[in-house]
Amino acid sequence: MTVHFGWFLGAGFGVQGWGDPTYGVGYDWTQPAIYQDAVRAFEGAAFDLLVIEDGVAVPDTYRGTAEVNLAAARFVPKHDPLPLVPYLLGATSRIGIVPTLSASFWEPYTAARLLATLQHFAHGRLGFNVVTSGSDLAAQNYGLDKQVEHDLRYDRADEWVDVVRALWRSWEPGAVLEDTVGGVYADFRKVHTIDHEGRFFRVRGPLNTLPPEEEPVMVQAGASGRGQAFAGRHSDVVLALASTPERMKAHRDQVRQAAADAGRAPDSITVLFVVNPIPTANAEETASVRAARAELTQAAIDEQLQSISYLTNVDFARFDLDAPLPSFETNSNRGTLENFVKSAPAGSTLREVLAARAKADGLAIVGTPTEVADRLGELAEGSGADGFLFTGQVHPAHVHRTLDPLVPALRDAGLLKRELTSTTLRGNLAAR
Ligand SMILES: Cc1cc2nc3c(=O)[nH]c(=O)nc-3n(C[C@H](O)[C@H](O)[C@H](O)COP(=O)(O)O)c2cc1C
């Protein structure tokens, strides 16, 4: 049986290919062209969607400085993904395009209007990845001293989604008459205020543009219990990280239970796992790729620590690498911290955690194209996963190094469909 495939652009609309020997050769990451080339390749491969990550801060949590992040172009610089969307839509005709929006920093009215406009351009191919933005640094760009409490962010996001959808429904179907004889563009009886007065938002409505015929697909990646409850209530698609069939199954079961708890059909949510396939030519290359990835150099330590520091708002430079990692809580990405800590047995030192993460393939699936396809087949079968998002930058060489060998192997394995049968994202997600 085929499953869904897509691409998660983890670097966002940011620097692509820094560190690769061909960085910047014949392309400019600040311009739309390489993203258009990449999305054409994804559509040609019959991938259902492209998700574009986003964040709104320059990380300087690790060692109290932005030095490592700026030197390695990690999380920064990054363009706003929304202006890229029309370029990607213009380059394609079937694949879904999913930019990220923050329910913590966007007014629901602004989001509802912007997404409605883009969905008209997209003819049903738009999605939106809703995040609650755990970073204190981001909060400080929006007038706060620090980010509001974790679960409260999701309470606010719940109301945010309700308001966005109420605005999309503020025009009844059939409101637009375009009656040129009678001189009536739209029927005022079918366009309603929403008069929302909630805990976090006051919005009168109605939306001052036409709602799209098909509402954009809501995507979400919360991993904590509260994050999953939010997804269970509202999401069409859930993105998740897990590397074994058992963990994938557990995560998927939790999300489906959250949907049931919210009175929705569990099948109404498509759960996609993010993986990093690394196709190799043979066993020898597989071994050397694994060995290189397992080496805990200072650069590799910095790479792991800058990332976990930013994602948890905690400077990991303050922990002794050779002492057991103390237990602590984060108000930021709870699920991310839990995954990090669980990478090694309880009581492990920070260095042991980092080493275990470097050594384990994690999200990486290293092997020949057939081995990668077989592994994805096992993961899908063992977990019931609805599909996978490949993560990686859209450096042109990287896209082709990944897709050219893997697409035929995935098709041979019966996992990847040959074409997108629908012209809408909902339609493609409903088809297998
Ligand atoms: C695949 C994936 C993609 C994500 N994309 C973003 C993103 O673009 N921007 C962002 O601020 N957070 C992003 N997140 C973070 C999640 O929205 C969420 O905060 C995180 O998984 C922790 O879950 P929790 O908030 O329930 O604790 C992503 C997480 C995952 C697993």
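Just so it is clear, the structure is predicted and the values come from calculations on it, not from any experiment. (Residues numbered from 1 in each chain as written. Predicted model: local features only at pLDDT ≥ 70, side-chain atom pairs only at ≥ 80, totals over all residues. Heavy atoms only, no water.)

Enquirer: Is there a simple way to explain helix 13 (residues 369-383) in this structure?
Expert: Residues spaced three or four apart along an α-helix point in a common direction, a consequence of the helix completing one turn every 3.6 residues. Taking 1.5 Å of rise per residue, 15 residues should cover 21 Å, and helix 13 covers 21 Å from first to last C-alpha, within 8% of that figure. Those residues of helix 13 that are buried lie in contact with strand 1 (4-9), helix 8 (245-261), strand 11 (270-279), strand 12 (364-367), strand 13 (387-391) and helix 14 (396-412). Positive phi shows up at glycine 384, right after helix 13, with a value of about 75 degrees. (Helix = DSSP H or I, 4+ residues; strand = E, 2+ residues; numbered from the N terminus. Expected span 1.5 Å × (residues − 1). Contact = heavy atoms within 4.5 Å.)

Enquirer: Any chance you could explain the site of the ligand here in plain terms?
Expert: Around the ligand sit 20 residues, and of these Asp54, Tyr154, Ala221, Ser224 and Asn333 come closest. Between the ligand and aspartate 54, the relevant distance is 2.7 Å, taken from a nitrogen atom to a main-chain nitrogen or oxygen of the residue. Between an oxygen atom of the ligand and a main-chain N or O atom of arginine 334, the distance comes to 3.0 Å. When isolated, the ligand has an accessible area of 610 Å², and the protein chains bury 87% of it. Elements represented by at least two residues in the shell around the ligand include exactly strand 4 (127-131), helix 6 (150-168) and helix 11 (334-341). The element contributing the most residues to the shell around the ligand is helix 11, with 3 residues. Grouping the amino acids of the shell around the ligand by side-chain chemistry returns 8 nonpolar, 9 polar and 3 charged. (Near = heavy atom within 4 Å. Polar contact = N/O pair within 3.5 Å; in protein donor to acceptor, adjacent residues only side chain to side chain. Areas by Shrake-Rupley, 256 points an atom, 1.4 Å probe, with all protein chains shown as cover. Nonpolar A, V, L, I, M, F, W, Y, C, P; charged D, E, K, R; others polar.)

Enquirer: What is the right way to look at the pattern of salt bridges in this model?
Expert: Close approach of charged atoms lets side chains of opposite charge pair. Under the counting rule described, the total for this entry stands at 25 salt bridges. Among the salt bridges present, the one from glutamate 197 reaches arginine 202, with a minimum N-O distance of 3.3 Å. With respect to burial, glutamate 197 and arginine 202 carry one shared label: exposed. One connected set of salt bridges, linked through shared partners, spans Asp155, Asp158, Asp162, Arg199, Arg226 and Arg233. (Salt bridge = Lys/Arg side-chain N within 4 Å of Asp/Glu carboxyl O. Buried < 20%, exposed > 50% of the residue type's maximum accessible area, 1.4 Å probe, protein only.)

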